[in-house]
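# Structural description and commentary
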Amino acid sequence: MKHPVDLHVGQRVRQRRWLLGMTQEQLAEKVGIKFQQIQKYETGANRISSSRLWDISEVMDVPVSFFFDGLDRIDDREAGKKNILEDKEALDLVRCYYAIPENQRKRLFDLARVLGDAA
């Protein structure tokens, strides 16, 4: 059975990888392992050792603690409440949003807020 902490850390690896627009193959190559191992980490099938997590954090330019952020909300996920950042479409949207120049991004944000309020 997969440990909830391993699942959480694996999901955080996947989230960060998606936000960076990085494939499993690219991450694996930079860390020096096979992409299948990244798959196993992301699904929680295999635990990530502390030294490997350090390597991954260096490649992804985040502190090791990033992978444990939100760990106190594990009970919410197990109760069926989905974290929006677990959705690939939402992460793609965030990545695209931040690629827009700041002045245009503010206008888009204002439009999205108006449309959301109208819904």
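You'll find the structure just up there.
What you are looking at is a predicted structure, and each value in this text was computed from that prediction instead of being measured.

### A look at the overall build of the protein
For the protein, the count of helices and strands is 7 helices and 0 strands. In the protein, the succession of α and β elements from N to C terminus is α-α-α-α-α-α-α. Each of the 119 residues in the protein was classed as buried or not, and the buried ones make up 29%. Expressed as a percentage of contacts within the protein between residues at least 6 apart in sequence, the contacts between residues at least 24 apart total 62%. Carbon and sulfur atoms make up 54% of the accessible area of the protein, which totals about 8100 Å².

### Considerations on the layout of surface pockets
If you add up the space inside the largest pocket, you get close to 180 Å³. Looking at the lining of the largest pocket, the elements with two or more residues in it are helix H6 (88–99) and helix H7 (102–118).

### Re unusual backbone geometry
A positive phi angle, near 55°, is found at Asp 61, a position not held by glycine. On the secondary structure map, Asp 61 appears in the loop between helix H4 (50–60) and helix H5 (74–78).

### Section: the packing of helix H1 (residues 4–20) against H4
In the contact formed by H1 and H4, the axes pass within 11 Å of each other and the chain directions differ by 20°. Classed by the angle they form, the pair H1 and H4 counts as roughly parallel. Here H1 and H4 pass one another in a crossing that is left-handed. Two secondary-structure elements touch here, H1 through Val 9, Val 13, Arg 16, Arg 17 and Leu 20 and H4 through Leu 53, Ile 56 and Met 60. When grouped by side-chain class, the residues that make up the contact of H1 with H4 number 6 nonpolar, no polar and 2 charged.

### Quick word on helix H2 (residues 24–31)
Working note: α-helix, 3.6 residues per turn, so residues spaced by three or four point in the same direction. By the burial criterion, the buried members of H2 are Gln 24, Leu 27, Ala 28 and Val 31. For H2, the angular spread of the buried residues around the axis is 100°, confining them to a single face. Residues Glu 29 and Lys 30 are exposed on H2 and point more than 90 degrees away from its buried face. Packing partners of the buried residues in H2 comprise H1, helix H3 (35–43) and H4. A positive phi of about 90° marks Gly 32, the residue just after H2.

### What about the pattern of salt bridges?
All told, the structure shown has 6 salt bridges when counted by the stated rule. The partner of Arg 47 in a salt bridge is Asp 6, and the shortest N-O contact between them spans 2.6 Å. Of this pair, Arg 47 sits in the loop between H3 and H4 while Asp 6 sits in helix H1; the two residues are 41 residues apart in sequence, bridging distant segments of the chain. Between Arg 12 and Asp 69 there is a salt bridge, with its nearest N and O atoms 3.8 Å apart. Within this pair, whereas Arg 12 is found in helix H1, its partner Asp 69 is found in the loop between H4 and H5, the two being separated by 57 residues in sequence. Take Arg 12: its relative accessible area is 12%, and that puts it in the buried class. What you see here is one network of salt bridges that share partners, running through Arg 14, Arg 17 and Glu 42.

What counts, and at which threshold
- Residues numbered from 1 in each chain as written.
- Predicted model: local features only at pLDDT ≥ 70, side-chain atom pairs only at ≥ 80, totals over all residues.
- Heavy atoms only, no water.
- Helix = DSSP H or I, 4+ residues; strand = E, 2+ residues; numbered from the N terminus.
- Buried < 20%, exposed > 50% of the residue type's maximum accessible area, 1.4 Å probe, protein only.
- Contact = heavy atoms within 4.5 Å.
- Areas by Shrake-Rupley, 256 points an atom, 1.4 Å probe, with all protein chains shown as cover.
- 1 Å grid on protein atoms, 1.4 Å probe; cavity = no way out; pocket = protein on both sides within 12 Å on 5 of 7 lines; lining within 4 Å.
- Points joined across faces, edges and corners; volume = space filled by probe spheres on them.
- Axes fitted to C-alpha atoms, helices over the stretch in contact; angles between N-to-C directions.
- Parallel < 35°, antiparallel > 145°, perpendicular 65-115°, else oblique.
- Left-handed = near helix turned anticlockwise from the far one by under 90°.
- Nonpolar A, V, L, I, M, F, W, Y, C, P; charged D, E, K, R; others polar.
- Arc of directions from axis to C-beta.
- Salt bridge = Lys/Arg side-chain N within 4 Å of Asp/Glu carboxyl O.

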